[in-house]
Amino acid sequence: MPATVESHGQPVARQRILDTAYELFSRHGVRAVGVDQLIEQADVAKATFYRHFPSKDDLVLAFLDQREQRWTRAWVEAEARRRGDTPEEQLLAIFDLFDEWFQRDDFEGCSFVNVLLEFGGANGHPLGRAAAAHLENIRSVVHTLAQEAGLRDPPSFALSWHILMKGSIVQAGEGDKQAAKRAQAIAQLLIDQHR
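Residues numbered from 1 in each chain as written. Predicted model: local features only at pLDDT ≥ 70, side-chain atom pairs only at ≥ 80, totals over all residues. Heavy atoms only, no water.

## Looking at the overall build of the protein chain
- The number of helices and strands found in the protein chain is 9 helices and 0 strands.
- Each helix (α) and strand (β) of the protein chain, taken in turn from the N terminus, gives the series α-α-α-α-α-α-α-α-α.
- When the backbone C-alpha atoms are referred to their principal axes, the protein chain occupies close to 55 × 35 × 35 Å.
- Out of the 195 residues belonging to the protein chain, those deemed buried represent 47%.
- Considering only intrachain contacts with a sequence separation of at least 6, the fraction spanning at least 24 residues in the protein chain is 63%.
- Entry remark: accessible area of the protein chain is about 9,600 Å², with carbon and sulfur atoms responsible for 51%.
- Side chains of the protein chain carry 22 positive and 28 negative charges; the gap between the two charge centres is 2 Å. (Helix = DSSP H or I, 4+ residues; strand = E, 2+ residues; numbered from the N terminus. Buried < 20%, exposed > 50% of the residue type's maximum accessible area, 1.4 Å probe, protein only. Contact = heavy atoms within 4.5 Å. Areas by Shrake-Rupley, 256 points an atom, 1.4 Å probe, with all protein chains shown as cover. Lys, Arg positive; Asp, Glu negative; His and termini not counted. Charge placed at Lys NZ, Arg CZ, Asp CG, Glu CD.)

See below:
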């Protein structure tokens, strides 16, 4: 395999740009990070950057997709399913994961919420719409678990559960390291209400 292509078929430079963006956007937000900073930190030429990402918005969309794969699918969904024996336990395990995340020194908040707030909601800028779609994908994970648990009204349950998830992330951002445990206690009541 050529040295310029990684095993999954993505050019090394493209992945390096995306990895750099992932770190910077997660930590500082999208608007605070400029293209020149991305180019410098990814150690690529400007032409290389624009060949892979014709605009910063294209890079942000790729970042959001990568965040969904790493955070939503590979971490929240997969780890919650691994930790819980039943769908109800898996739902509650989400807050165990969040508790561990909130204790970390590198806790960065939710990139989807951050982009949504930076660019407006589902009716605004294309990046805001993309962030809203990724948040909907998180709710679909919760909806599926609610269905598997046999809970009443999974769509309503998923909306309420997602409020607890997002609220605990914001609360942790304020410095409350126990936010996930507080949310988990309320989450148990929500499960009981929907049985």
